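Residue-level structure breakdown
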Amino acid sequence: MITTNLDIETIRKDFPILKRKVNGYPLVYLDNAATSQTPKQVIDTIVDYYSRFNANIHRGVHSLSQEATDAYENARKKIQNHINAVEPHEIIFTSGTTDSINLVASGFTSFLKKGDEVLVSAMEHHSNIVPWQMLCERTGAILKVIPMNPEGELLIDEYAKLLSNNTKLVVCNHVSNALGSINPIEKIISLAHEVDAAVLIDGAQAAPHIKIDVQKLNVDFYTVSAHKICGPTGVGILYGKEEWLKKLPPYQGGGEMIAEVTFEKTTYADLPHKFEAGTPNICGGIAFGAAIDYMNSLGYEAIASYEKELLEYATEELKSIKGLKIYGTSQHKTSVISFNVEGIHPYDIGTILDKLGIAVRTGHHCAQPIMDYYNIPGTIRASFSFYNTKDEVDILVEGVKKAKQMLS
Ligand SMILES: *Cc1c(COP(=O)(O)O)cnc(C)c1O
C-alpha cells in the first residue's frame, strides 16, 4: 500500500502528455531524471506570454515591454525566494545547468594558477566534469577526484584528505543523475570552506525532489535546470553569492550586459545583467517561475515522501527479478533506479520496454566514469516523479520480466 497526501489522479490530469499512447500502450513515463513533463499551468503560461505580452525586456518604453520585464523579474524573485537567496540579483538566468557551470568555469580562468587544485566527485554528470577539465587545461590547475564506494556514496574521509591550501574549488552534484545518491553537501561545503575553497553544487537532479536553502547550505554557487522541475527546456539558473558574482568577470559580451560602450573601453552592467548578455529566454524564465509555483502548490514534503514510497516499492519489486542488479544503493536516495539484468545489454531491454509504451533511459547517462567504475557499458534507468503511480511500477516490472524472457 502506498499512502500519500497528494491526489495523484488529479495531479495526473495537469499533465496532458500522460494521456498519450505510445506504440499502442498508455505512456508510462519513467525518464524523469532526463526531463520532467510539463503541467498545463506551465503550458498555459507559455501560451499566455506569446498571446498577450511577447516583447523584448529591460529596454522598451512601451507597455508590452514593461509587462514582459515585470513578469521576467518577478520570476527571478520567485526563484530567489524558492531557494532562499539573499538578493534577486544573485539569480542569473542561464540556458540551464550546463551553461551555469560553464559560466563559473570560464570566470575562474583568471583566478587559478599552475598547481592549484579543483576537486570533482567520482559521480558527476559530464557537464560537471568537462568544463573543469577545460579550465585546468587553460590554467595548469590539477583536477582531482573524490572517490566513491560501490553503494554510490562519496568517501568523505578521503575527500577530507584531498583538501589542502592548494584546493581552490570543489564541485559536486547534490544528487547523482545516474545513481540517485543524495550527497552530504553540507559536510562537503563546510570542509571546503575550512581551506577557503569555493564550492559549486550541481543541483539539476536535486531541485525536483528537495527544497533548497542556499543560505543554510552556505554554498557559493548552485545550479538548476528548469526542464527537470516541470519547466521548459533551454532555461535555468546559476545562483551565486553576491561577493563571488561581483568578483567573477563577465562570461559573454554583448547587449544587456554593459553600462557604457565606446571603442576605447566598455564598462559592465551591475548584477545580474553583467552575466546576461543578449536577449534571454524571456518566456522560458517566466514559465520557470510558473513551474516553481506548481511544485510549491504540491509541497516538497508531500512530493518527497510519496516518491520515497514509490522508490521503495519499485526497488523491492525489481529486486525480486532473478539476475537483476541495482547500481546505487546509497542510504540517501531520490527516486532513481539504475539496473541491469545479467547477460542482457541494457539497450535491448530499453527497446522492448519502449514497444510496451514504457519510457526509460539506457546507456551511460552522461556519466561515463561511473560506468567505468562498475565496469559496465551502461544501465537501464527508471526515474520516478510524483505523477507516477504504483500501477506504473507494476507495468515496468512486468515489462522487464517479459524482456528478460524474450532475450535470454
Ligand atoms: C541533467 C543534468 C545536468 C545537465 O543539465 P542540462 O539541463 O542538460 O544543462 C547536469 N548535471 C546533472 C546531475 C543532471 O542531471
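Just so it is clear, the structure is predicted and the values come from calculations on it, not from any experiment.

Now for the sheet that holds strand β16 (residues 361-363). Spatially, the four strands line up as an open sheet ordered β13-β14-β17-β16, and their pairing is antiparallel. In this open sheet, the two strands that pair with only one neighbour each are β13 (324-327) and β16. Taking each pair of neighbouring strands and ignoring which way they run, the sheet shows an average axis angle of 30°. Inspection of the sheet shows strand β14 (residues 336-341) paired to strand β17 (residues 379-383) by four bridges, in the antiparallel sense. The residue bridging S338 from the neighbouring strand is R381, located in β17.

With that out of the way, let us pick up the site of the ligand. Surrounding the ligand, one finds T97, T98, H125, S127, N177, D202, A204, Q205, S225, H227 and K228. One nitrogen or oxygen atom from the side chain of Q205 is found 2.4 Å from an oxygen atom belonging to the ligand. At 2.8 Å, a side-chain N or O of H227 approaches an oxygen atom of the ligand. Out of a free accessible area of 380 Å², the ligand has 86% covered by protein chains. Partitioning the shell around the ligand into residue classes produces one nonpolar, eight polar and two charged.

Glancing now at the side chain of H365. Secondary-structure assignment places H365 in the loop between β16 and α13 (368-374). Among the residues examined, H365 registers a relative accessible area of 4% and is labelled buried. A polar side-chain atom of H365 sits 2.7 Å from a polar atom in the side chain of T379. Among residues more than four places away in sequence, those in contact with H365 are H125, N177, A178, S338, M371, T379 and R381.

Attention now moves to the environment of N5. For N5, the location among the structural elements is in the segment before α1 (8-13). For N5, a relative accessible area of 76% puts it in the exposed group. Distance from N5 to Y306, taken between C-alpha atoms, is 8.2 Å for residues 301 residues apart in sequence.

This part covers the sheet that holds strand β8 (residues 198-202). If you trace the seven strands from one edge of the open sheet to the other, you get β4-β10-β9-β8-β7-β5-β6, paired in mixed fashion. With partners counted over all chains shown, the strands left at the sheet margins are β4 (91-94) and β6 (142-146), one partner each. Going from strand to strand, the sheet's axes swing by 20° on average, the running direction of each strand aside. Where strand β7 (residues 167-173) lies against β8, five bridges are found, and the strand directions are parallel. Looking at β8, one finds that N173 is bridged to D202. Most of the contacts of helix α7 (residues 185-194) go to β8, to which it runs at about 160°, and overall it touches β7 and β8.

Moving on, we come to the domain arrangement of the protein. One can read the domain layout of the protein as domain 1 (8-30 + 300-407) and domain 2 (43-297). Of note, the centres of domain 1 and domain 2, computed from C-alpha atoms alone, are 29 Å apart. Across the boundary between the two partners, domain 1 contributes 32 residues, which contact 32 residues of domain 2. Across the domain 1/domain 2 interface, buried area totals approximately 2,500 Å², and carbon plus sulfur atoms make up 60% of it.

Turning next to the pairing of strand β11 (residues 258-261). Note: β11 against strand β12 (residues 266-268), three bridges, orientation antiparallel. Each residue of the ladder has a partner; that of E260, found in β12, is T267. As consecutive antiparallel partners, β11 and β12 are separated by four residues.

This paragraph deals with the environment of R381. Considering the arrangement of structural elements, one finds R381 in strand β17. As a C-alpha pair, R381 and F339 span 42 residues in sequence and 6.4 Å in three-dimensional space. Sequence-distant contacts of R381, defined by excluding residues within four places in its chain, comprise L30, D31, A33, A34, N177, V336, I337, S338, V360, R361 and H365. A distance of 3.4 Å separates polar atoms of two side chains, one belonging to R381 and the other to D31. A distance of 3.0 Å separates a polar atom in the side chain of R381 from the backbone oxygen of N177.

By definition, a disulfide links the sulfur atoms of two cysteine residues through a covalent bond. This structure, assessed with the given rule, holds zero disulfides. Its sulfur unpaired, C230 is 16 Å from the next cysteine sulfur, which belongs to C283.

Burial analysis of β8 places five of its five residues in the buried class, which makes it a mostly covered element. The alternating pattern of β8 places A198, L200 and D202 on one face and V199 and I201 on the opposite face, and all of these are buried. As for the winding sense of the linkage, the β-α-β connection from β7 through α7 to β8 is right-handed. Here β8 runs beside strand β9 (residues 221-225); their pairing, made up of three bridges, is parallel. Note that in β9 the partner of L200 across the bridge is F221.

Cut-offs used in this document
- Residues numbered from 1 in each chain as written.
- Predicted model: local features only at pLDDT ≥ 70, side-chain atom pairs only at ≥ 80, totals over all residues.
- Heavy atoms only, no water.
- Pairing = 2+ DSSP bridges.
- Helix = DSSP H or I, 4+ residues; strand = E, 2+ residues; numbered from the N terminus.
- Axes fitted to C-alpha atoms, helices over the stretch in contact; angles between N-to-C directions.
- Near = heavy atom within 4 Å.
- Polar contact = N/O pair within 3.5 Å; in protein donor to acceptor, adjacent residues only side chain to side chain.
- Areas by Shrake-Rupley, 256 points an atom, 1.4 Å probe, with all protein chains shown as cover.
- Nonpolar A, V, L, I, M, F, W, Y, C, P; charged D, E, K, R; others polar.
- Buried < 20%, exposed > 50% of the residue type's maximum accessible area, 1.4 Å probe, protein only.
- Contact = heavy atoms within 4.5 Å.
- Domains from an automatic or database assignment.
- Buried area = accessible area lost by both parts, 1.4 Å probe.
- Disulfide = S-S within 2.5 Å.
- Right-handed = clockwise from strand over helix to strand, strands pointing away.

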